[in-house]
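# Architecture at a glance
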Amino acid sequence: PSSPPAVELDGADAKDAESMSRYEEAITGTRVTFAMTPIPGGTFLLGSPEDEEDRRSWEGPQVEVRLSPFWMGVTEVSWDEYKQFMDRLDKQARAKGAVALAPQDAWADAVSRPTPPYVPMDFEMGVDGYPAICMTQFAAKQYTKWLSMKTGRFYRLPTEAEWEYACRAGTTGAFSFGEESVDDHGIWFDNSDGQYQKVGSLKPNPWGLHDMHGNVAEWCLDGFTEDGYAALAAQASDGAVVDPIQWPKALYPRVARGGHWDDDPDKLRSASRRGSSEAWKVQDPQFPKSIWYHTDAQWLGFRVVRPLNPPPYEEWSRYHDADLDEIRVIQNRQRKGER
């Protein structure tokens, strides 16, 4: 199948890693923009050393990983971006004649979008400039699919290895900011004022990424297992594991990274990881539970990445749509439980 045509944009394309540059892209048919910065390819140790304070067993053993170059969102995806998708604001603007139909819109309009939430998903913490929250991993992946269709460029969630590599930004300690104060780099329990804060409010890490420590936790593509790194280590017996992803075998648990505004600093460490749970949507009154919202995860968001060398278009769906069958199984199980 053919892919949507790529929107022409200076700086968004590169022949090799050396020619990659930061760029800002407008979502087609909107005035909303987002910034992407290049992350150089390289090798690092995934996970935490055994002597790191507050380390959990599922952060090891450390594994040598080699990653290909990619671009990453400078900040977490904001409500300004996500509501274009979630609330169909782009379609509304076209219906009012405010913007013209773009060549990419036929592809984007075919992407499934969230059902209306039963309560505002920002929970009165703020929308303009604040991180989008409460979406399931499926919803986040559908956003990346929609964004890919809107731009003609392949966007997706980061792998867990890509996320930690970008968070560390060449550092090896517990935090990318070294001995500096966590308050200057991360939104956490003591400085959050009881809610998330606007994206990019604090200092970036050495590679120019904001909010990698705190504010909202961020979805990755991988499934979460406590012994997953041991499996990777076995693959790395003859050298570094190249571009690993531990494809999920079930809808729960999936990996979220980075800690959040209601966490203590130990959860903000570069190697800290957590697995998703159905308990994240306990308050959802719908039956079956919504495939779009984690109502109880008011601290969960995501950011996007874009590999320098994307897969063929026919393989994009593996990164965007792979969970539909598993979601149907869970919903059927919920229905049977009701009866």
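For the structure given in this document, a descriptive report is provided here.

## What about the layout of surface pockets?
Estimates place the volume of the largest pocket at around 310 Å³. Together, 18 residues line the largest pocket, and Arg156, Glu162, Asp243, Pro307 and Tyr319 are the ones closest to its centre. A per-class count over the lining of the largest pocket returns 11 nonpolar, 3 polar and 4 charged.

## Things to note about the sheet that holds strand S11 (residues 305-307)
The strand order across the open sheet formed by 4 strands is S1-S2-S5-S11, and the pairing between neighbours is antiparallel. Whereas interior strands pair on both sides, the edge strands pair on one side only; in this sheet they are strand S1 (23-26) and S11. This sheet shows a mean twist of 30° between the axes of neighbouring strands, independent of strand direction. When strand S2 (residues 33-39) meets strand S5 (residues 70-73), the two strands line up antiparallel, connected through 4 bridges. Bridged to Pro38 within S5 is Trp71.

## Thoughts on the nonpolar core
Counting residues in hydrophobic clusters, the biggest one holds 51 residues, and the most contacted among them are Trp79, Tyr82, Tyr143 and Phe302. Put simply, the parts of the chain that give this core at least two residues each are S2, helix H1 (79-86), helix H4 (137-151), strand S6 (217-223) and helix H7 (316-320). The biggest single contributor to this core is H4, with 7 residues. Discounting residues that sit within four places of it in the chain, Tyr143 has contacts with Ile27, Val77, Glu81, Tyr82, Phe85, Phe302 and Val304. Formed by 23 residues, the second largest nonpolar core is a distinct cluster that contains Val65, Met72, Met212 and Val241.

## Looking at the side chain of Arg257
Within the secondary structure, Arg257 sits in strand S8 (residues 254-257). One polar contact links Arg257 to Glu160, side chain to side chain, over a distance of 3.0 Å. Residue contacts for Arg257: discarding those within four places in its chain leaves Leu46, Glu160, Trp163, Glu164, Ala217, Glu218, Cys220, Tyr229, Ser270, Ala271, Ser272 and Arg273.

## Here's the deal with the packing of aromatic side chains
For the structure on display, the rule yields 22 aromatic pairs. Ring plane angle 45° and centroid distance 5.6 Å describe the contact between Phe85 and Trp146, whose orientation is recorded as tilted. Here the residue Phe85 occupies a position in helix H1, and Trp146 occupies one in helix H4, the gap between them amounting to 61 residues. Neither residue differs from the other here; Phe85 and Trp146 are each classed as buried. Relative to Trp316, the ring of Tyr313 has its centre 4.9 Å away and its plane inclined at 70°; by these criteria the two rings are edge-to-face. Members of the aromatic cluster, connected to one another through ring pairs, are Trp79, Tyr82, Phe85, Tyr143, Trp146 and Phe302. One Lys or Arg, Lys83, reaches over the ring of Trp79 and ends 5.4 Å from the middle of that ring. Directly above the aromatic system of Trp71 lies the positively charged group of Arg306, at a separation of 4.4 Å from the ring centroid.

So, how was this worked out
Residues numbered from 1 in each chain as written. Predicted model: local features only at pLDDT ≥ 70, side-chain atom pairs only at ≥ 80, totals over all residues. Heavy atoms only, no water. 1 Å grid on protein atoms, 1.4 Å probe; cavity = no way out; pocket = protein on both sides within 12 Å on 5 of 7 lines; lining within 4 Å. Points joined across faces, edges and corners; volume = space filled by probe spheres on them. Nonpolar A, V, L, I, M, F, W, Y, C, P; charged D, E, K, R; others polar. Pairing = 2+ DSSP bridges. Helix = DSSP H or I, 4+ residues; strand = E, 2+ residues; numbered from the N terminus. Axes fitted to C-alpha atoms, helices over the stretch in contact; angles between N-to-C directions. Core = buried A, V, L, I, M, F, W, Y, C linked by side-chain atoms within 4.5 Å. Buried < 20%, exposed > 50% of the residue type's maximum accessible area, 1.4 Å probe, protein only. Contact = heavy atoms within 4.5 Å. Polar contact = N/O pair within 3.5 Å; in protein donor to acceptor, adjacent residues only side chain to side chain. Phe/Tyr/Trp six-rings, centres within 6.5 Å; stacked < 30°, edge-to-face > 60°. Lys NZ or Arg CZ within 6 Å of the ring centre and 35° of its normal.

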